[in-house]
Amino acid sequence: MRIDKFLKISRIIKRRTVAKEVADKGRIQINGNLAKSSSTVKIGDLVKIQFGNRTVELKVNALHESTKKEDAQEMYEIVSDERKI
């Protein structure tokens, strides 16, 4: 599954266009490698996302084509959530 689609379906980022912009600016890494919006993500991958002064690292647990709001958090597990001062 594409990283921009995964971020939207899992509701980490609310809009796919925003997820695409974040990826294309070099703020997303998959398993330590810079990711473009078209990069594929698989179950077990570690995804690191930079949101301004916040860095979130998560592990992909499941891939679904669509989810309900309640089930979206089952798609990933947060490994670390750091804020820079």
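- Where an unreviewed UniProt entry is consulted, the protein chain appears under the name RQC P-site tRNA stabilizing factor, with the organism given as Tetragenococcus koreensis.
- Of the comments in the UniProt record for the protein chain, the one headed Subunit (unreviewed entry) reads "Associates with stalled 50S ribosomal subunits. Binds to RqcH, 23S rRNA and the P-site tRNA. Does not require RqcH for association with 50S subunits."
- In UniProt, the protein chain has this text filed under Sequence similarities (unreviewed entry): "Belongs to the RqcP family."

### Some words on the UniProt feature "domain: RNA-binding S4" (unreviewed entry) in the protein chain
Moving on, step 1. The sites that carry the UniProt feature "domain: RNA-binding S4" (unreviewed entry) are, in the present numbering, residues 1-64.
Moving on, step 2. Helix makes up 25% of residues 1-64 and strand 28%, whereas the separation of the span's terminal C-alpha atoms amounts to 9 Å.

### Quick notes on unusual backbone geometry
Moving on, step 1. Of note, the phi angle at R11 is positive, near 65°, even though the residue is not glycine.
Moving on, step 2. On the secondary structure map, R11 appears in the loop between helix 1 (3-9) and helix 2 (16-24).
Moving on, step 3. Take R11: its relative accessible area is 42%, and that puts it in the partly exposed class.
Moving on, step 4. Its identity is not glycine, yet N31 carries a phi of approximately 55°, on the positive side.
Moving on, step 5. With respect to the helices, strands and loops of the structure, N31 is situated in the loop between strand 1 (28-30) and strand 2 (33-34).

### Section: helix 2
Moving on, step 1. Looking only at helix 2, the buried set comprises A19, V22 and A23. In an axial view of helix 2, the angular spread of the buried residues amounts to 95°, which keeps them on one side of the axis.
Moving on, step 2. On its buried face, helix 2 is in contact with helix 1, strand 1 and strand 3 (46-51).
Moving on, step 3. G26 lies just past helix 2 and shows a positive phi near 80°.

### Let's talk about the side chain of S10
Moving on, step 1. When you line up the elements, S10 lands in the loop between helix 1 and helix 2.
Moving on, step 2. With relative accessibility at 1%, the residue S10 sits in the buried group.
Moving on, step 3. From its side chain, S10 meets the backbone oxygen of L7 in a polar contact 3.4 Å long.
Moving on, step 4. The contacts of S10, once residues within four sequence positions are left out, are A72, M75 and Y76.

About the cut-offs
Residues numbered from 1 in each chain as written. Predicted model: local features only at pLDDT ≥ 70, side-chain atom pairs only at ≥ 80, totals over all residues. Heavy atoms only, no water. UniProt positions renumbered as here; feature names shortened; annotations may be inferred. Helix = DSSP H or I, 4+ residues; strand = E, 2+ residues; numbered from the N terminus. Buried < 20%, exposed > 50% of the residue type's maximum accessible area, 1.4 Å probe, protein only. Arc of directions from axis to C-beta. Contact = heavy atoms within 4.5 Å. Polar contact = N/O pair within 3.5 Å; in protein donor to acceptor, adjacent residues only side chain to side chain.

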